Amino acid sequence: MTKRKNHETVTTKKKQMSGKMLRANKKYKDTVFRMLFSDRENLLSLYNAINGTTYENPEALEIVTLENAIYMGMKNDLAFIVDTNLFLYEHQSTYNPNMPLRDLLYISSEYQKLVDHRSLYPSILQKIPAPNFIVFYNGTRKKEDRWENLLSEAFEHLEGKPNLELRVVTLNINEDHNRELMEQCKILREYAQYVAKVRNYTEKMKLDTAVECTVKECIREGILEEFLRKNRAEVVAVSIFEYNKEEEEKKLREAEYEAGYDSGRQEGLTEGELRKAKETAAELAKLGMASTQIADVLKTEEAVIFQWLEECAK
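Residues numbered from 1 in each chain as written. Predicted model: local features only at pLDDT ≥ 70, side-chain atom pairs only at ≥ 80, totals over all residues. Heavy atoms only, no water.

## Considering the packing of helix α10 (residues 291-298) against helix α11 (residues 302-313)
Across the interface, α10 lies against α11 with an axial gap of 9 Å and an inter-helix angle of 105°. As far as their axial angle goes, α11 and α10 are roughly perpendicular. Counting all contacts with α10, which are made through Ser291, Thr292, Ile294, Ala295 and Leu298, the residues of α11 involved are Glu302, Ile305, Phe306 and Trp308. Along the lines of polarity and charge, the residues of the contact of α10 with α11 split into six nonpolar, two polar and one charged. (Axes fitted to C-alpha atoms, helices over the stretch in contact; angles between N-to-C directions. Helix = DSSP H or I, 4+ residues; strand = E, 2+ residues; numbered from the N terminus. Parallel < 35°, antiparallel > 145°, perpendicular 65-115°, else oblique. Contact = heavy atoms within 4.5 Å. Nonpolar A, V, L, I, M, F, W, Y, C, P; charged D, E, K, R; others polar.)

## Quick word on a nonpolar patch on the surface
On the surface, a cluster of nonpolar side chains totalling about 240 Å² of accessible area is made up of Phe155, Leu158 and Leu164. The residue leucine 164 is located in the loop between β7 (146-150) and β8 (167-172) in this model. (Patch = residues over 30% accessible without salt bridge, like charges linked within 9 Å, V, L, I, M, F, W, Y side chains within 5 Å. Areas by Shrake-Rupley, 256 points an atom, 1.4 Å probe, with all protein chains shown as cover. Salt bridge = Lys/Arg side-chain N within 4 Å of Asp/Glu carboxyl O.)

## Focus: the packing of helix α5 (residues 186-202) against helix α6 (residues 207-221)
Interaxial distance between α5 and α6 falls to 8 Å at its minimum, and their mutual angle equals 140°. The angle between the axes of α5 and α6 places the two elements in the oblique class. For the crossing formed where α5 meets α6, the hand is right-handed. Across the interface between the two elements, Tyr194, Lys197, Val198, Tyr201 and Thr202 from α5 touch Leu207, Ala210, Val211, Cys213, Thr214, Val215, Glu217, Cys218 and Glu221 from α6. Its residues assigned to classes, the contact of α5 with α6 shows nine nonpolar, two polar and three charged. (Left-handed = near helix turned anticlockwise from the far one by under 90°.)

## Some points on the packing of aromatic side chains
Under the definition given, this model contains 13 aromatic pairs. Geometrically, the ring pair formed by tyrosine 95 and phenylalanine 306 is edge-to-face, given 5.7 Å between the ring centres and 70° between the ring planes. Remark: phenylalanine 306 occurs in helix α11 and tyrosine 95 occurs in the loop between β5 (85-92) and α3 (99-115); sequence separation between them is 211 residues. The two residues tyrosine 95 and phenylalanine 306 agree in class, both being buried. Clustering of aromatic rings is evident, with ring pairs tying together Phe33, Phe37, Tyr47, Tyr55, Phe80, Phe87, Tyr89, Phe136 and Tyr191. (Phe/Tyr/Trp six-rings, centres within 6.5 Å; stacked < 30°, edge-to-face > 60°. Buried < 20%, exposed > 50% of the residue type's maximum accessible area, 1.4 Å probe, protein only.)

## So, helix α2 (residues 40-51)
With 12 residues, α2 should cover 16 Å at 1.5 Å per step; its first-to-last C-alpha distance of 16 Å lies within 8% of that length. Among the residues making up α2, those that are buried are Arg40, Asn42, Leu43, Leu44, Leu46, Tyr47, Asn48 and Ala49. (Expected span 1.5 Å × (residues − 1).)

## Focus: empty space enclosed by the protein
Picture a little ball the size of a water molecule; that probe, rolled over the atoms, points out where space is still empty. With the rule as written, the count across this model stands at two cavities of 30 Å³ or more. Every residue along the wall of the largest cavity is listed here: Gln92, Thr94, Tyr95, Asn96, Met99, Val135, Tyr137, Trp147, Asn149 and Thr170. Listed by contribution, the elements that provide at least two residues to the lining of the largest cavity are β6 (130-137) and β7. Its residues placed into classes, the lining of the largest cavity shows five nonpolar, five polar and no charged. (1 Å grid on protein atoms, 1.4 Å probe; cavity = no way out; pocket = protein on both sides within 12 Å on 5 of 7 lines; lining within 4 Å. Points joined across faces, edges and corners; volume = space filled by probe spheres on them.)

## Description of the confidence of the model for the protein chain
Considering every residue of the protein chain, the mean pLDDT works out to 77; 73% of them sit at 70 or more. Mean pLDDT across the secondary structure elements of the protein chain bottoms out at strand β2 (residues 69-71), with 34, and peaks at β8, with 97. In this model residues 66-74 is a low-confidence stretch, pLDDT under 50, and it forms 29 contacts with partners more than four residues away in sequence or in other chains. (pLDDT = per-residue confidence, 0-100.)

Take a look at the structure:
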């Protein structure tokens, strides 16, 4: 592959460590993910694993943006060009059906950067890299290995084929998911192990202590050993902030459910009708129907469907 010149210098911002007690960062998985895959060799390994390629030259990656704010304060984790295609990789620990719309804003911003120095008015067609959108998910709500979200799912009053479409592929990177991908990318596999250990320890102790125990254990077991030895203080710092994110997610889901329940009552649904809707959702899920499809069938918010399925699973 032809070696490309970087448009931007990729830097890792070191956070200052103070003598004060640190608190756990609710986005610990997201931050560690960016730290790991800001390394070109790790990023190329991830790219090869996803695409079934065997590129060996990390300099083939042309970084477009890494941690810069793209639009209205939103951030995209990793964006790079390889083989004239534009790949946007993002990590999410919370399921977000709005990723296609977010990525539309991201890609518009990136294309604007790429063609700023060109004129769009001549009769010559201006070529742009073909976009690819991938989300790496390690939350606890969705259990599938892989799913897709389409921009057209957000269109109101859509008739016929949409005139604008954007597809986002989400890969579940929790342990015991997408095993072939994990086997192909050692760093991703060990990252999943790190997250699983943090999650396991937080069930037994405070997040601060859980992170410390996880880092020590991973180094001892050779999981992300070199990365953790080199960046130990920073990993602990970004892994520690104010509160546990998963507890926040749970509270948010409960609030969304209550909002959906109240909405149902306001629309005239009886207790019996709500119970029947929950039973129907559970049956459709057993048949393998995705939560987005169930929400469409029952004319209900997907967040409410998640809550119903969790209730039925208890």
